[in-house]
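Structural characterization, general
One-letter residues, chain by chain:
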Amino acid sequence: MSDTSTISLTVESGVATLTLNRPDAMNAFNAAMSRELIEAFDEIDGNDAIRAVVVTGAGRAFSAGADLSEGTAAFEAGTSDGLPRKDDGSIDYTDASIRDPGGLMTLRIFETLKPVIGAINGVSIGIGATVTLPMDIRLASTKARFGFVFTRRGIVPEGASAFFLPRISGISKALEWCCSGRIFDAEEALSGGLVSEVLEPDALMDRARELAAEIADNAAPVSVALTRQMMWRGLGFQHPMEAHRVDSRGVVARGRSADAKEGVMSFLEKRPAEFPDTVSGDMPDFFPWWDEPEYR
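Described below are features of the structure shown in this document. What you are looking at is a predicted structure, and each value in this text was computed from that prediction instead of being measured. (Residues numbered from 1 in each chain as written. Predicted model: local features only at pLDDT ≥ 70, side-chain atom pairs only at ≥ 80, totals over all residues. Heavy atoms only, no water.)

**Some thoughts on the packing of helix α1 (residues 31-45) against helix α2 (residues 101-111)**
- Contact pair α1 / α2: the axes reach a minimum separation of 9 Å and the direction vectors enclose 10°. Here α1 lies roughly parallel to α2, going by the angle between them. The residues of α2 that touch α1, namely those facing S34, L37, I38, F41, D42 and D45, are P101, L104, M105, R108, I109 and E111. (Axes fitted to C-alpha atoms, helices over the stretch in contact; angles between N-to-C directions. Helix = DSSP H or I, 4+ residues; strand = E, 2+ residues; numbered from the N terminus. Parallel < 35°, antiparallel > 145°, perpendicular 65-115°, else oblique. Contact = heavy atoms within 4.5 Å.)

Next comes the structure, spelled out in structure tokens:
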């Protein structure tokens, strides 16, 4: 896999490493990076050789946020003809052209079928912080700094962070960080549940790849894909019965699969499992269950 203009994507032993690659701009997000990150996750989901993903930044930053060299253009939306309008002249907020680019990225990561590990190597500010929220595991270097700085730029948190951040760190901590817009260090991120580990800079990628390899080498890809979606979407369940309905479908479908047979036989034979099912061809027939009326 070759580098694009703003990111690089490599694969080794079932683990993809996706690197934000604008080091001279501290990996600030522009339109090209937003588009290419979405395209990279499309490629990742379509490649059965990839079983886990590590996301990091080139150079000394993870991402300094939106590229502000173009002024407020980083925050503007609409088309070349301006904002979409209704017949009465008011802004049509339902038009697809005004959708937040950061939210398009985080929603794409949320939808992915592969587990995602963020290896946050340096500053992670604004969209550079919110893009990490739908990642499943976040690790931070001792040099990492975080900031949900939107109120200090006269805007509001984006990237669907109003969904993700309170679920990760709790409503009080999310509001403290977002309303103040202050920068905080990796230890505060750890105590607030934003990251699960803080490591020395030279140990960060080794640890991220170790976690990714543990998944890639031992877990059934289809089961991982289902589990990831069950956990994330379960955050919105109103009653455990909703989880029970999905669990039951998963147990029935997976229990009859070639993967389940291999999982049992490998255990009994005391050998590593070689799971045959793939996310590209063997997702169960009830997936995606959230499109059905009872889950809307």
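After that view of the structure, there is still more to cover.
**Some thoughts on the pattern of salt bridges**
- For the structure on display, the rule yields 15 salt bridges.
- Residue E176 is joined to K173 by a salt bridge in which the shortest nitrogen-to-oxygen separation is 3.0 Å. Placement of the pair is E176 and K173 together in helix α5 (residues 171-180), with a separation of three residues, close to one helical turn.
- Given the relative accessible area of 34%, E176 is considered partly exposed.
- A residue is classified by how much of its surface remains accessible, and K173, at 24% relative accessible area, is partly exposed. (Salt bridge = Lys/Arg side-chain N within 4 Å of Asp/Glu carboxyl O. Buried < 20%, exposed > 50% of the residue type's maximum accessible area, 1.4 Å probe, protein only.)

**Examining the sheet that holds strand β6 (residues 123-125)**
- Pairing in this open sheet of four strands is mixed, and the strands run β4-β6-β8-β9 from one edge to the other. Among the strands making up the open sheet, the edge pair consists of β4 (61-63) and β9 (183-185). Each neighbouring strand pair of the sheet contributes to a mean axis angle of 20°, computed without reference to strand direction.
- Relative to β6, β4 runs parallel, the two being bridged by two bridges. Bridge pairing in β6 places A61 opposite V123. (Pairing = 2+ DSSP bridges.)

**Quick word on the sheet that holds strand β7 (residues 137-141)**
- One open sheet holds the six strands; their spatial order is β1-β2-β3-β5-β7-β10, and the pairing between them is mixed. In this open sheet, the two strands that pair with only one neighbour each are β1 (7-12) and β10 (197-199). Sheet twist, expressed as the mean angle between neighbouring strand axes with direction ignored, is 20°.
- Relative to β7, strand β5 (residues 116-120) runs parallel, the two being bridged by four bridges. Its bridge partner being in β7, G118 is matched across the sheet by R138.

Functional significance is not addressed by these values, which are geometric in nature.
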